[in-house]
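Here is what each chain is made of, one letter per residue.
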Amino acid sequence: MIAEIEALASAALSRIAAAANLDEMEAVRVEVLGRKGTLAEFGKLMGKLSASERVDAGKALNGAKTSLEAAFDIKKTAFESAALNERLQSEWLDLTIPPPGLTPGSLHPLTQIQNEIESLFFSMGFTILDGPEVETEFHNFDALNIPADHPARDMQDTFWLEGGHLLRTHTSPVQVRGMMRLGPPLRMIAPGRVFRNEEVDPSHEHTFYQLEGMMVDRDVSIANLLYFMKTLLSGIFKRDTTVRLRPGFFPFVEPGFELDIECMVCGGAGCPVCKQSGWVELLPCGLVHPNVLRAGGIDPAEFGGFAFGLGLTRLVMMRYLIDDIRWLQSGDLRFLKQF
Ligand code: FA5
């Protein structure tokens with residue numbers, strides 16, 4: 001009987017090894033190990049054996065059972081993990097593939113030009129600074145040589161907030177923060193959003209972008225200022241531009257200039273963007289007023305500087321020949337997709 005059990009076990013082990021799938025293996029299990037299976041039949045015959053034969057046959061039966069169960073378990077685990085792997089392979093999803101039908105977005109034209117100007121000035125040793133959009137009266141006006149009773153306060157219609165705060169009307173307050181934080185010598189630019197309580201028309205928004213620039217050092221002159229203005233314009237337009245420089249009044253510079261660019265939308269012939277004048281105010285600038293240097297903690301007897309306040313939104317209009325400033329904040333995808 002022992003020999004028969006061993007023969008049965010080894011035949012069953014071979015069938016388990018050869019089974020191609022879980023079903024085939026389950027059939028062998030039921031046939032051999034099941035309640036009515038072959039091993040159970042051997043169990044029933046035990047009673048007919050002598051006591052000593054029963055011990056040996058019992059051991060053989062248990063041994064066969066244990067080794068068959070272990071073989072089943074091992075093979076079952078192998079089948080299950082193969083099935084899992086197959087499923088993982090067939091159901092694998094690449095979540096990084098963009099969904100069909102969606103076109104990728106792009107940077108807003110303003111951001112593109114801002115990035116270009118930032119890398120241009122960064123390459124010339126300028127630091128890029130940021131300032132708060134909600135400003136104090138001190139930084140937006142007083143420190144820029146515009147005291148409370150100064151008529152220049154009316155030049156920029158201000159959105160006033162509570163507690164002496166306001167929405168900054170220009171990026172010039174970042175000059176003051178830059179001087180205070182970094183001290184001289186200083187080369188900085190500060191792009192940012194500014195707000196004015198203005199009538200909106202093809203060239204005026206209530207919310208628009210400027211890019212402030214400032215250089216403070218010993219012996220800074222108008223020649224330095226003009227060099228950086230020219231480098232800025234040729235870097236952005238990559239061709240000759242027609243500009244005109246005229247005196248301009250800003251309390252924080254002395255002397256001050258208005259740098260206008262010939263309107264590129266109409267080629268100087270006159271259109272709604274340039275209010276039929278052929279020129280667009282783009283880049284006011286000048287040499288920093290001593291009072292402003294003092295407010296920034298810098299001694300005007302030792303240091304001088306220039307500053308400019310580029311109309312970034314208008315520059316973008318000139319670069320891409322946009323005939324109405326309102327397109328830029330319209331969120332209209334037909335407009336934005338062109339860039
Ligand atoms: C200023 O804001 C000064 N802070 C600029 C400055 C800085 C002068 C440093 C000297 C030294 P102004 O108000 O002119 O200046 O505005 C600067 C530029 O912003 C203008 O030339 C124009 O290009 C742009 N700008 C002004 N108002 C608007 C508006 N409502 N919509 C769009 N762009 C505007």
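**Looking at the overall build of the chain**
Okay, so step 1: Within the chain, the regular secondary structure consists of 11 helices and 10 strands.
Okay, so step 2: For the chain, the spread of C-alpha atoms along the three principal axes comes to 125 × 45 × 40 Å.
Okay, so step 3: Taking contacts inside the chain between residues at least 6 apart in sequence as the whole, the part at least 24 apart equals 68%.
Okay, so step 4: Accessible surface for the chain amounts to roughly 18300 Å². Of this, 56% is attributable to carbon and sulfur atoms.
Okay, so step 5: Between the centroid of the 32 positive side chains of the chain and the centroid of its 44 negative side chains there is a distance of 7 Å.

**Considering the pattern of salt bridges**
Okay, so step 1: For the structure on display, the rule yields 15 salt bridges.
Okay, so step 2: Across the pair Glu135 and Arg177 runs a salt bridge, and its minimum N-O distance is 2.8 Å. Linking Glu135 in strand 2 (residues 134-136) with Arg177 in helix 7 (residues 173-182), this pair joins segments that are 42 residues apart in sequence.
Okay, so step 3: Owing to a relative accessible area of 1%, Glu135 belongs among the buried residues under this scheme.
Okay, so step 4: Residue classification places Arg177 among the partly exposed positions, given a relative accessible area of 28%.
Okay, so step 5: One connected set of salt bridges, linked through shared partners, spans Arg244, Arg246, Asp260 and Glu281.

**Thoughts on the site of the ligand**
Okay, so step 1: What surrounds the ligand is a group of 25 residues, the closest being His170, Ser172, Arg196, Glu205 and Glu281.
Okay, so step 2: Note that an oxygen atom of the ligand is positioned 2.8 Å from one of the backbone N or O atoms of Glu281.
Okay, so step 3: For the ligand, the protein covers 95% of the area, taking 680 Å² as the surface of the free molecule.
Okay, so step 4: The pocket occupied by the ligand, as judged from atoms lying within 2 Å of grid points, is the largest pocket.
Okay, so step 5: Counting only elements with at least two residues in the shell around the ligand, the list comes to strand 5 (207-217) and strand 10 (304-311).
Okay, so step 6: Of all the elements, strand 10 adds the most residues to the shell around the ligand, at four residues.
Okay, so step 7: Per-class residue counts for the shell around the ligand are 10 nonpolar, nine polar and six charged.

What counts and how
Each residue is numbered by its place in its chain's sequence as written, counting from 1. With the structure being a predicted model, the display of local features is reserved for residues of pLDDT at least 70 and the display and counting of side-chain atom pairs for 80 or more, all residues being used for whole-chain, interface and lining totals. For the side-chain quantities, the full set of heavy atoms in the structure was used; hydrogens and water were omitted. We count a stretch as a helix when DSSP gives it H or I for four or more residues in a row; a strand needs E for two or more, and each element gets its number in order from the N terminus. Working rule for contacts: check all heavy atoms of both residues, and any pair within 4.5 Å makes them a contact. Working definition of accessibility: Shrake-Rupley area with a 1.4 Å probe, residue cover restricted to the visible protein chains. His is not counted here, nor are the chain ends, while Lys and Arg score as positive and Asp and Glu score as negative. Lysine's charge is taken at NZ, arginine's at CZ, aspartate's at CG and glutamate's at CD. We define a salt bridge as a side-chain nitrogen of Lys or Arg found within 4 Å of a carboxyl oxygen belonging to Asp or Glu. Only protein chains enter the accessibility calculation, which uses a 1.4 Å probe; a residue whose area is less than 20% of its type maximum is buried, one above 50% is exposed, and one in between is partly exposed. Nearness is defined per residue: one heavy atom within 4 Å of the molecule or strand is enough. As used in this structure description, the phrase polar contact means that two N or O atoms lie within 3.5 Å; if the pair is within protein, one of them must be able to donate a hydrogen and the other to accept it, and residues adjacent in sequence are counted only when both atoms belong to side chains. The rule is simple: put a 1 Å grid over the protein atoms alone, call a set of points where a 1.4 Å probe fits but cannot get out a cavity, call an open set with protein on both sides within 12 Å along at least five of seven lines a pocket, and count a residue as lining if it has an atom within 4 Å of a point. Pocket occupancy is defined atom-wise: a molecule lies in a cavity or pocket when more than half of its atoms are within 2 Å of its grid points. All residues other than Ala, Val, Leu, Ile, Met, Phe, Trp, Tyr, Cys, Pro, Asp, Glu, Lys and Arg, Gly among them, are scored as polar; the first ten of these are nonpolar and the last four charged.

The quantities given are spatial measurements derived from coordinates; they are silent on function.
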